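Architecture at a glance
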Amino acid sequence: MTLINTTPFQDQKPGTSGLRKKVRHFQQPHYLENFVQAIFNAVGGGQNGCLVVGGDGRYFNREAVQTIVAMAIANGYKEIIVGQGGILSTPAASCVIRKYKCSGGIILSASHNPGGPDEDFGIKYNGANGGPATEQLTDKIYAESCALTSYKLSAIEAIDLDLIGTLDVEGVKVRIIDSVSDYAELMESLFDFPAMRSLLSGGEFSFCFDAMHAVTGPYAKEILINRLGAPAESVINATPEEDFGGHHPDPNLVHAADLVSKVNQNGLDFGAASDGDGDRNMIIGNNFYVNPCDSLAVLAANATLIPGYAQGLAGVARSMPTSRALDRVAAAQGLNCYETPTGWKFFGNLIDDGRITFCGEESFGTGSSHVREKDGLWAVLCWLNILASTGESVASLMRNHWQNFGRDLFTRHDYEGLDSAQAAEMMKALDEKLTNLAGSNFDGFVVETADQFAYSDPVDGSVSQRQGVRILFTNGARIVVRLSGTGTSGATLRVYLDRFINEDLECDTQAALAPLSAVASKLIGVEAFTGRKAPDVVT
Ligand code: G16
């Protein structure tokens, strides 16, 4: 083991989901190593435990895996499990940590952000429960990164990441495992594969899954084609590429536009896509887009049709900006519904404590207690299982849901690449308005309450302050405003708009929310502070 001298970097504070920066930033001497050592210091070193390492296969993934393995050996881990080729989707990494009772894992991904030498890279730590590090731990990692003077490295030869098997490296067991099989087995244990096989291989139901040249391709092929008998052409863009084919592996209407036109033009029954690291999902029917907030609600409402959840749900949770469609299902079923800050890490305690089974976010994330990450393919399988059980189409399932529960119109407007100082000033000005906002009337929208969301974790009592501005109106409408914690350059403003309706259920979301959007513009002053007239991405 060699001790390498280093000096701290001041910019290694983890964001919503680990540390995300440009690849070239990570490639500076000692940058990756410093952060990895900060993680190991924060968790008290390897302590003869087992570490899982894998990533979404983006540019710099392989080099980073080699470095992490060499550092993990030097830091006292006794076993290291690596996905073949350095590949593990985020939910698969969570599954592997849990299945082999590991002490934790390091996942390499910048999620839906683009990949390549000039694009993004990311790294995060997941604990023994398989879930993202808690805020307390990420704070500790940051503190360690600011005080680092050296890191530990073993001078080992590069591992053959492609060869499945077990190596002994300086007395440490390094296992290269099949990236897919543990996860596929878990999926088979949850869903009604015979019913789904009849649906997918029967020839009447047509669908397309777009892996967006990202990590989910091999998982989707194994599960949908090999195990469920779907035609080979139903999974597209299934080979993971280091630059995701030059695209944003972001499953939304903008970046998965090809899938949307394929489904609509060919009259397919179902379409789905997942992101760079396989934890996000988008669901569409024929000419029918399912908003992620609605998807979470409809899955919760129908969960008992899925064998793995036939006993019912313990409770449910959603992030604060996510629409309240889930709350209506919970109320009808007598379930507790928790409201957490943005970030999957906040669901972990609730699941571990047995309080919830399903949870999700507006940012195309849905998941359950089967792992401790959101899970794109799992959400797709939930939909397919429910469609197979009910014989409904995507649109009819969703429309029936609205008939029963009413509809929460929801949209998110993103303004990307803003000047950070201007964005901070804008948020400060909005913050200062909040105390006197109640009672104000904006073109008929009367403010009921306005605050900064704070979350008290009911399990460990920890409090997370300032998790986004909430403005609730007396007519049930809501505006939420926050800055993203996952960008790698400048600031991204997210404006979330939602409103409940129980008539005219088929209305156009953007048109129906336009008056609320106008109120948001007035309140936030995006154009005045940043010069931007319109959002870059609307989902
Ligand atoms: C991460 C987090 C999610 C969060 C999303 C967006 O997802 O795990 O909980 O909703 O970022 O966060 P923000 O609004 O701060 O950009 P992913 O898929 O990027 O890892």
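Residues numbered from 1 in each chain as written. Predicted model: local features only at pLDDT ≥ 70, side-chain atom pairs only at ≥ 80, totals over all residues. Heavy atoms only, no water.

Bringing the domain arrangement of the protein into the picture now. Looking at the assigned domains, one finds that the protein contains domain 1 (2-179), domain 2 (183-405) and domain 3 (407-538). Contacts between the two partners involve 29 residues from domain 2 and, on the opposite side, 26 residues from domain 3. Buried surface at the junction of domain 2 and domain 3, summed over both partners, amounts to about 2400 Å²; 54% is from carbon and sulfur atoms. Summed over the three residues of domain 2 that lose the most area to domain 3, namely M320, R324 and W402, the buried surface amounts to 27% of that side. Taken together, the links from domain 2 to domain 3 amount to six salt bridges. A salt bridge links D408 to R328; the nearest nitrogen and oxygen atoms lie 2.7 Å apart. (Domains from an automatic or database assignment. Contact = heavy atoms within 4.5 Å. Buried area = accessible area lost by both parts, 1.4 Å probe. Salt bridge = Lys/Arg side-chain N within 4 Å of Asp/Glu carboxyl O.)

Now for the site of the ligand. Near the ligand lie 19 residues; those nearest to it are T16, E361, S484, T486 and R494. Side-chain polar atom of S363 to an oxygen atom of the ligand: 2.7 Å apart, as the coordinates give it. Take R494: an N or O atom from its side chain is 2.6 Å from an oxygen atom of the ligand. Compared with its free state, where it exposes 470 Å², the ligand has 99% of that area covered by protein. (Near = heavy atom within 4 Å. Polar contact = N/O pair within 3.5 Å; in protein donor to acceptor, adjacent residues only side chain to side chain. Areas by Shrake-Rupley, 256 points an atom, 1.4 Å probe, with all protein chains shown as cover.)

The subject of this paragraph is unusual backbone geometry. One non-glycine residue with positive phi stands out, namely H30, at about 75°. Relative to the assigned elements, H30 resides in the loop between α1 (23-26) and α2 (31-42). (Helix = DSSP H or I, 4+ residues; strand = E, 2+ residues; numbered from the N terminus.)

Quick look at the pairing of strand β13 (residues 281-285) now. Among the five residues of β13, five are classified as buried, and the element is accordingly described as predominantly covered. Burial along β13 is two-sided: N281, I283 and G285 facing one way and M282 and I284 facing the other are all buried. The pairing of strand β12 (residues 270-274) with β13 spans five bridges and is antiparallel. Bridge pairing in β13 places S274 opposite N281. Linking β12 to β13, which pair antiparallel, is a turn of six residues; within it G278 sits at a positive phi near 80°. Here β13 pairs with strand β14 (residues 288-290) via three bridges, running antiparallel. Bridge pairing in β14 places G285 opposite F288. (Buried < 20%, exposed > 50% of the residue type's maximum accessible area, 1.4 Å probe, protein only. Pairing = 2+ DSSP bridges.)

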